[in-house]
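# What the coordinates show
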Amino acid sequence: MPKFCANLSLLFTEHPLEQRFQAAADAGFDAVEIQFPYSLSAAELQQQLHSAKQQLVLINLPAGDWQAGERGIACLPERDQEFRDGVEQALAYAIATGCRQINCLAGIRPATLSADAALEIMAERCRYAAIKLDHQGIQLNIEAINSFDIPGFLINNSSLALELIERIGQDNVRLQYDLYHMHRMEGPVLERLAQLLPKIGHIQLADHPGRHEPGTGEIDYPALLAELDRLGYTGRVALEYNPKQSTLAGLDWLAPYRND
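Report follows, based on the coordinates. Keep in mind it's a predicted model, so treat the numbers as computed, not measured. Each chain has its residues counted from 1, running along the sequence as written. Where local features are concerned, this predicted model is filtered to residues with pLDDT of at least 70; where side-chain atom pairs are given and counted, the filter is 80 or more; whole-chain, interface and lining totals use all residues. Excluding hydrogens and water, the side-chain values take into account all heavy atoms of the structure.

## A few points about the packing of aromatic side chains
The criterion for an aromatic pair is that two Phe, Tyr or Trp rings (for Trp, the six-membered ring) have centres within 6.5 Å, with stacked assigned to planes under 30 degrees apart, edge-to-face to planes over 60 apart and tilted to the rest. All told, the structure shown has six aromatic pairs when counted by the stated rule. Aromatic rings pair up to connect Phe 4, Trp 253 and Tyr 257 into one cluster. Counted as over-ring charges are cases with an Arg CZ or a Lys NZ within 6 Å of the ring centre that also lie within 35 degrees of the ring normal. Over the aromatic face of Trp 66 sits the side chain of Arg 71, whose NZ or CZ is 3.9 Å from the ring centroid. One residue, Arg 258, lies across the ring of Phe 29, its end atom 4.9 Å from the ring centre.

Structural data, given as structure tokens:
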């Protein structure tokens, strides 16, 4: 049976962030991920995790000015020091909480920069990050995000993500495989799981259309989750979706897996 974790940036938003850890525990989760935990101090985050008996599976590197439309800075020229500072900040949070995966968002490629030049900038920065993280036994993830939701996002399919991972050339770099994003970009993902699994470090899910919970759209999640079991995937599957109604109402689809 897949091991699930709750994304606290999208789930349990009926509560302030500091209350979502216990809300997730009350709903039966023992692990969580957070896109950007930096509104809490590392010590506060550690305390919340400890109090709710939660494992922190994943966080993102700081991704620039989100309110202004930035979606990562890894490929942006002249942001090298900001990127390195973000690595240090995320690493401090990971060490404090025992988190073993940090995700890097590429960002939106500037129109004045070629795709190859942007990939090379990102590869160099991610190589730096991967080496720093590897000293602490932490994995760096590279996520592909669909270009319908974020037009211009540099890494928008699994092939590009794998090309980047090859350029980075560090053993602790893995593909963060979001089933929703890749369904939108590449079509049905079921047949690609076997091919990609050796490179996958973390999986996230949401249905399409709407980016809601499984069962609200067209993706065959029972088949996908069964295939992950068949392939022997042992990592977490993160619930990174926008609940169609409330978080708890949207968890009914999990019942067969919890009763397995």
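That was the structure; now back to the text.
## Things to note about the packing of helix H2 (residues 42-52) against helix H3 (residues 80-97)
Every angle, taken between N-to-C directions, lies between 0 and 180 degrees, and every axis is a line fitted to C-alpha atoms, over only the stretch in contact when it is a helix. Note on conventions: DSSP H or I runs of at least 4 residues are helices, E runs of at least 2 residues are strands, and numbering of each starts at the N terminus. At a minimum axis distance of 9 Å, the contact between H2 and H3 shows a crossing angle of 35°. As for how H2 packs across H3, the hand of that crossing is right-handed. In contact with Ala 42, Leu 45, Gln 46 and Leu 49 of H2, H3 contributes Tyr 93, Ala 96 and Thr 97. Side-chain classes follow a simple rule in which Ala, Val, Leu, Ile, Met, Phe, Trp, Tyr, Cys and Pro form the nonpolar group, Asp, Glu, Lys and Arg form the charged group, and the remainder, Gly included, forms the polar group. Taken together, the residues of the contact of H2 with H3 break down into five nonpolar, two polar and no charged. Left-handed describes a crossing whose near helix is turned anticlockwise from the far helix through less than a right angle; right-handed describes the clockwise counterpart. Throughout, a residue-residue contact means that at least one pair of heavy atoms, one from each residue, lies within 4.5 Å.

## Comments concerning the state of the cysteines
In this description, a disulfide is simply a cysteine sulfur pair whose atoms lie within 2.5 Å. If you walk through the whole model with that rule in mind, you get zero disulfides. Unpaired in terms of disulfides, Cys 126 finds its nearest cysteine sulfur in Cys 104, a separation of 3.8 Å. Since its relative accessible area comes to 0%, Cys 126 is described here as buried. Throughout this description, buried means an accessible area under 20% of the type-specific maximum (1.4 Å probe, protein chains only), exposed means over 50%, and partly exposed covers the range between.

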